[in-house]
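# Examining the three-dimensional arrangement
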Amino acid sequence: MSGTYIPLRASFASRRSRGSGLQVLLFSTECALGIVSVVLVGVFAHWLQWLLPVAVVLYLLIVVPTALWCGFWQAVIVSLSAVVVHSYFAARFNRLNPATDPANSVTLVAFILTALVISRLSARVTEHARETDSWGGQMQDLYEFTRRTLQMNLHVEPGAQLVELVHEIFALEAVVIFDADLHETYQAGFWNVDPQELAQNVYFFETSDDDPETGIARRVVRLGAAPIGAVVLRGDTSPLTNNAIASLVAITFDRYRAFANESRIETERQTEQLRSTVLDALAHEYKTPLTAIRAASTGLNEMGKLSAGQGELVSLINEQADLLNDLTTRLLTTARLDAGEVTVHALPVGVAALIDEVVASLSERLASMKVAIDMPDDTLVLCCDRRLITMLLSQYIDNACKYAIYGTTITIRAIQSKAEVIFSVHSFGPVIPIADRERIFDRYYRSSGSANRATGTGIGLSVAKRAATIHDGYVWVTSDQDEGNTFYAAIPSQARKRES
C-alpha cells in the first residue's frame, strides 16, 4: 500500500526542494552576519588594545547567540572565523606564529563545544515549544469536535456527520468511518484506495496503528471491549488525538443507539396506550349488542314451539354470544390493567376453595379432559385479589384445555415456597420452543409450534402475567417432550394493597 501514497510524499519533497534555495540563502546570510560581527569586534579590540585580553570572551558572546538563534553549523563557521581573526590580531601584537600557538586550538574547541551545547539546548526548547503549540492546537480541535458532536442531530445516522466534522475540524486530507451496526461506510477527502475495504479490514482484523511514512492512522472504534466500527485518518495528527477521535466516535454511536431505542420504546408505549384505549372502547361498544343478542336468544328459548333445527340455531347463537362476551371481558380487563385502572383488593383467600371454584366454572371446557388437583396443604391461605387470581388460573387452565393432547391429564397444583404461593398447571401438548418461552406471555404473541392447533387471540397469557405482576409476582413456563408443559405463577403470600 505504501506505493499508493507516492503523490503525498512527492508533494512533501517538492515543498522541500522549493524551500532549499531560501534555506541556503538564509544560512549564508546568518554566517556572513556572524563573521562580520567577529571582524568588527577584532578590529575594535585591536584598536583599543586594552580589550585584547578579553577578546576571546567577546567572540564567545557572538558564538552563543549564533548557536542559540541560527544553529550549530552557523556557530561552527563563526567560531572558525573568530579563531582566525583572534590569531591574526594576536600575531600582529605579540609577533607569534598562529599555526604554532596551542591556545588557538583550545579556543576553537571551546567555541565549538559551547556552540554544540547551546544549539542542542535551543533545539530541544524549540521542539518542546513546537510540540506544546501543536498539542494545544489539537486540544482546541478536540474541544471543538466534542462540542459539535454534542450538538449533532441524532434523528439521523451519525456517520455522515461525524466524518465531515473530523475532516473539517482537524484539517485532514482524508477520513473514513465504518459503522458495523448499520454496516455503512462514510468517507471525506480523496482516497487512492478503496476506503470501504480499508476501514472494514481495520474493524475485522482489529488493527490499530500509526504509519508515519504514509500519514495514515487506523483505529478500531470500541464500546467497552466490543468493537463497533473503525476510523481511518490520513493527515497530521498525534496518536493521542487519534485515540480521542475514535473514543468520541464510539460515544456518538452509543448516544445515537440509545436515542433510537428510547424513541422506539416511547413510540411503542404510545402505540400500546392507543391500542388499549381502542380495545376498551370496542369492548364497551360490543357489550350492548351482545346483551341484546343474548336476551333475544333466551327469549326464543322461553317461547318454546321451536323445531329441532331452530333449537340448534338458538343454542349456537347462545354459545357464540358467550364466546364473544368472554372475549370482550378479556379485552376490557386487559385495557384496564394496562391503563392502571385496576385496584387490588387483597383479602385472605383459601387456595383449595379458589381452585375448586375455577375448575367448576370451566366444567364444560374440562368435560373431555382428566383433571387432577394436587394440594399438599389444604389449609393454604393466600392474601390476594380473589378476582385477579381467579382470572390468572382460568387463563392457565383454559390454555391447557386448548393445547393438551386428548385424553391426557391436566394437573393443577399449589404449594407454599418461602414467602410465595406457587401455582402450576401441567399438561401434555406440543413443546414450546425455547425462543418462545419468554415471548409467549406478550400480548398477541402465539408460539410458532402451536399457533395452528387451536384458535385464540394471544391475549389470555398476557392477562395472566399482568395479574401476577400487579401482585408483585411473576410467571414462567417449562416445556419438555417427555415431561410436558407447565405454566407457573409465583404470588407473594402477603400481597400489599395498592392501586396499579
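Anything mentioned here points back to the structure above.
Predicted, not measured: the structure shown is a model, and the values here were computed from it.

Criteria and thresholds
- Residues numbered from 1 in each chain as written.
- Predicted model: local features only at pLDDT ≥ 70, side-chain atom pairs only at ≥ 80, totals over all residues.
- Heavy atoms only, no water.
- Salt bridge = Lys/Arg side-chain N within 4 Å of Asp/Glu carboxyl O.
- Helix = DSSP H or I, 4+ residues; strand = E, 2+ residues; numbered from the N terminus.
- Buried < 20%, exposed > 50% of the residue type's maximum accessible area, 1.4 Å probe, protein only.
- Disulfide = S-S within 2.5 Å.

### What about the pattern of salt bridges?
Any two side chains of opposite charge can pair, on the condition that their charged atoms come close. Using the criterion set out here, one finds 13 salt bridges in the structure. The partner of Glu 144 in a salt bridge is Arg 147, with the nearest N and O atoms 2.6 Å apart. With a gap of three residues between them, Glu 144 and Arg 147 both fall in helix H4 (residues 102-150), about one helical turn apart. Two residues, Asp 398 and Lys 402, come together in a salt bridge whose shortest N-O distance is 3.9 Å. Of this pair, Asp 398 and Lys 402 both sit in helix H10 (residues 386-403), four residues apart, roughly one helical turn. In this structure Asp 398 comes out as buried when scored by relative accessible area, which is 9%.

### Here's the deal with the state of the cysteines
Tallied over the entire structure, the rule returns zero disulfides. Sulfur of Cys 384: no disulfide; nearest cysteine sulfur belongs to Cys 383 and is 7.1 Å away. For Cys 384, a relative accessible area of 1% corresponds to the buried category.

### A word on unusual backbone geometry
Positive phi, close to 50°, is recorded for Glu 206, a residue that is not glycine. Relative to the helices and strands, Glu 206 is located in the loop between helix H6 (195-205) and strand S3 (209-211). In this model, Lys 418 sits at a positive phi of 55°, which is unusual for a non-glycine residue. Structurally, the position occupied by Lys 418 is in the loop between strand S9 (409-417) and strand S10 (420-427). The class for Lys 418 is exposed, based on a relative accessible area of 83%.

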